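Observations on chain architecture
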Amino acid sequence: MSCPKGHAVISVDYEAFTSNWKCDRCKMSFSSNDGRWRCCSKCNFDHCLPCMKAVDYKPNHLHTVAYVTYVCNECGKGFTGDRVYCPTCKVAYDVCYPCALRKMTAKDSTVDGNGRVKSVVISSTPFASGATRDAFKVDATMEDGKKQDYVLKAFKPLYFNTGMEMDIVVKIHLKAYELALEFNKEMQLNHPIIFKRPILHTMTSTVEKDGRNVFVKGEKVALEPFIHGQYEKFSSNSGFILDGYTAPGVFTHFTWHKTRELIVCDLQGVRQIRGNEHDAYYFTDPAINSLKQNWGPTDIGKPGIMNFFKFHKCSKFCNTWAKPSLGDLIIRVPVVQRTTYADPRAPGREMPQPGMDTELSQMFAQLMAGMMFTEKPK
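Below or above, wherever it landed, is the structure these notes cover. Model, not experiment: these values are computed from the prediction. (Residues numbered from 1 in each chain as written. Predicted model: local features only at pLDDT ≥ 70, side-chain atom pairs only at ≥ 80, totals over all residues. Heavy atoms only, no water.)

1. Regarding the environment of Lys-323
Threshold: Strands here are runs of E lasting at least two residues and helices are runs of H or I lasting at least four, both read from the DSSP assignment and numbered beginning at the N terminus. Any pair of residues with heavy atoms lying within 4.5 Å of one another is described as a contacting pair.
As for its placement among the helices and strands, Lys-323 is situated in the loop between α6 (302-311) and β25 (340-341). Expressed as a C-alpha distance, the spacing of Lys-323 and Met-306, which sit 17 residues apart in the sequence, is 9.4 Å. In this view, Lys-323 contacts His-253, Trp-256, Phe-309 and Cys-314; residues no more than four positions away in its chain are not counted.

This is the structure:
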């Protein structure tokens, strides 16, 4: 992904901060984030706007420094903190995580999608159930009669009812995708790592079955292309590693080596081998374990990081890379394989009713036409 001027963009993930801060150049104190430039999550480094605008001044700092408060150039909403950022354009181009993912998905659809959608039917039972979400098959019928398979993922009642939002899922996918691009470029393996990115969709109406709500208006769900092939769980977020495969473990080790603060794990999907340029590992639903444990409900922090390195066997690709010290943590979480299949919906939430959400159908139509909606079509 690049900004409109063609510059490469990066993700900026801020450490939690307050509105009281001091400029590290002029030493003045402030009580508002307006005019504040801050380092990414690596350290505590701030500059005020006048200092950043000083003639020919460049902060003597190793990491990216970005404007804290911004307006997303795609949706027009105001935000403070994490986003996708163009270091060349500075504040001229900023995008929130959901919009960044929509842009990338729309770009992909111009290659994979053809025609327009006539109807969309959601399966009444999930075909897979993870630790936090259920997955449902979505059948899209094109105007020419052809079928396109997608997956709709929704939070389980426990997480939905506590206000958990899909935005964190989008952020995890973006970080995993970003690191996978770097990994593929550096490693040049025969089977690159490719993450299927979700489309963030907000239900525009309440769906009922037998007088009870199934999905509620305003609920956010994730939509992804269905991965065809033999689905396998290559690793979990608690240390499980599937024997017989090298690339998934090497990739997770790579994410620590590059960041020194997180690992991308819980790798699941399909290893496609057809003897052509499309051979790859196609992954979905990754998790991130981090030192700060700020990547959603599946981030189990240091224990998950240490468990991975306890069971990971380095290959010739990664035996010289950085690793955390196993002596840093004594207590480790039990190793489990978290994915289950064909589970019923948890109590308190009915199975989704087969049918078509009008907005969802329109969104699919635009996706297949190579566009993504930002507002409800008129």
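Next, the rest of the story.
2. So, the state of the cysteines
The condition is simple: Two cysteine sulfur atoms make up a disulfide if the distance between them is within 2.5 Å. Relative accessibility under 20% of the residue-type maximum defines a buried residue, over 50% an exposed one, and the middle range a partly exposed one, all with a 1.4 Å probe and only protein chains included.
Applying the stated rule across the entire model yields zero disulfides. For Cys-48, which is in no disulfide, the shortest distance to another cysteine sulfur is to Cys-51 and amounts to 3.5 Å. We classify Cys-48 as buried; its relative accessible area is 4%. The closest cysteine sulfur to the non-disulfide-bonded Cys-75 is located on Cys-72, 3.6 Å from its own sulfur. Residue Cys-75 is classed as partly exposed on the basis of its relative accessible area of 31%.

3. Digging into the packing of helix α5 (residues 247-259) against α6
Applied cut-off: To define axes, lines are fitted to C-alpha atoms, for helices over the stretch in contact only, and angles between the resulting N-to-C directions are given on a 0 to 180 degree scale. Here is the rule for angles: anything less than 35 degrees is roughly parallel, anything more than 145 is roughly antiparallel, 65 through 115 is roughly perpendicular, and the remaining ranges are oblique. Should the near helix be turned anticlockwise from the far one by less than a right angle, the crossing is termed left-handed; should it be turned clockwise, right-handed. Residues are grouped as follows: nonpolar covers Ala, Val, Leu, Ile, Met, Phe, Trp, Tyr, Cys and Pro; charged covers Asp, Glu, Lys and Arg; every other residue, Gly included, is treated as polar.
Where α5 contacts α6, the axes come no closer than 11 Å and their chain directions differ by 130°. When the interaxial angle is binned, α5 and α6 end up oblique. Judged by the sense of rotation from one axis to the other, the crossing of α5 with α6 is left-handed. For the pair α5 and α6, contact is made by Gly-249, Thr-252, His-253 and Trp-256 and by Ile-305, Phe-308 and Phe-309, respectively. Here the residues of the contact of α5 with α6 sort into four nonpolar, three polar and no charged.

4. Structural notes on helix α4 (residues 167-187)
In an α-helix, one full turn covers 3.6 residues, which means residues spaced three or four apart are oriented alike. Cut-off, in case you're wondering: Each helix should span, by expectation, one fewer than its residue count multiplied by 1.5 Å.
Compared with an ideal rise of 1.5 Å per residue, which puts 21 residues at 30 Å, α4 spans 30 Å between its outermost C-alpha atoms and is within 8% of the ideal. Counting buried positions over the 21 residues of α4 gives 15, a clear majority of the element. Of the residues trailing α4, Gln-188 is marked for its positive phi of about 55°.

5. Some points on the sheet that holds strand β22 (residues 268-272)
Our working rule: At least two bridges found by DSSP between two strands are what make those strands a pair.
The strand order across the open sheet formed by four strands is β15-β23-β22-β20, and the pairing between neighbours is mixed. A single partner strand is all that each edge strand has here, and the edge strands are β15 (193-195) and β20 (231-233). Ignoring strand direction, the axes of neighbouring strands in this sheet form an average angle of 35°. With three bridges joining them, β20 and β22 adopt antiparallel strand pairing. Opposite Lys-233, over in β22, you have Gln-268 as the bridge partner. Of the strands in this sheet, β15 and β23 (280-284) touch α4, which is tilted by about 155° from β15.

6. Describing the side chain of Lys-156
The test is simple: Only four residue types enter the tally: Lys and Arg on the positive side, Asp and Glu on the negative side; His and the chain ends are excluded. Each reported salt bridge corresponds to a side-chain nitrogen of Lys or Arg within 4 Å of a carboxyl oxygen of Asp or Glu.
Take Lys-156: it is sitting in the loop between β14 (147-155) and α3 (157-160). Buried and unpaired, Lys-156 has Asp-134 as its nearest opposite-charge partner, separated by 4.4 Å.

7. Things to note about the packing of α4 against α5
At a minimum axis distance of 10 Å, the contact between α4 and α5 shows a crossing angle of 105°. Here α4 lies roughly perpendicular to α5, going by the angle between them. Residue-level inspection shows Ala-176, Leu-179, Ala-180, Glu-182, Phe-183, Glu-186 and Met-187 of α4 in contact with α5, the latter providing Ala-247, Val-250, Phe-251, Phe-254, Thr-255, Lys-258 and Thr-259. Here the residues of the contact of α4 with α5 are counted per class, giving nine nonpolar, two polar and three charged.

8. Some points on the packing of aromatic side chains
What characterises a pair of aromatic rings is the spacing of the ring centres plus the angle enclosed by the ring planes. Rule in force here: To pair, rings of Phe, Tyr and Trp, with the six-membered ring standing in for Trp, must have centres within 6.5 Å; the planes then decide the type, stacked if under 30 degrees apart, edge-to-face if over 60, and tilted in the middle. Distance and angle both matter: a charge sits over a ring if NZ of Lys or CZ of Arg is within 6 Å of the ring centre and within 35 degrees of the ring normal.
Taken as a whole and judged by the stated rule, the model has 15 aromatic pairs. Ring centres 5.8 Å apart and planes at 85° place the aromatic pair Tyr-14 and Phe-17 in the edge-to-face group. Given a relative accessible area of 23%, Phe-17 falls into the partly exposed group. An angle of 80° between the planes, with centres 4.9 Å apart, marks the rings of Phe-308 and Phe-309 as edge-to-face. Look at Phe-308 and you get buried, because its relative accessible area is 5%. The class of Phe-309 is buried, set by a relative accessible area of 7%. A connected cluster of aromatic rings, assembled from ring pairs, spans Phe-183, Phe-195, Phe-234, Tyr-245, Phe-251, Phe-254, Tyr-281, Phe-283 and Trp-321. If you follow Lys-137 out to its NZ or CZ, it ends over the ring of Phe-226, 5.0 Å from the centre. Above the ring of Trp-295, the side-chain terminus of Lys-171 is found at 4.8 Å from the ring centroid.

9. Section: the pattern of salt bridges
A full pass over the atoms with the stated rule returns twelve salt bridges. With its nearest N and O atoms 2.3 Å apart, the salt bridge here joins Asp-82 to Lys-171. A residue pair is termed long-range when its members are at least 10 positions apart, and Asp-82 in the loop between β8 (78-80) and β9 (83-85) and Lys-171 in helix α4 qualify at 89 residues. Given a relative accessible area of 24%, Asp-82 falls into the partly exposed group. Its relative accessible area of 11% is what places Lys-171 among the buried residues. Asp-285 is paired through a salt bridge with Arg-133; the nearest N and O atoms lie 2.2 Å apart. Of the two residues, Asp-285 sits in the loop between β23 and β24 (287-290) while Arg-133 sits in strand β13 (residues 133-142), which places them 152 residues apart along the sequence. Since its relative accessible area comes to 10%, Arg-133 is described here as buried.

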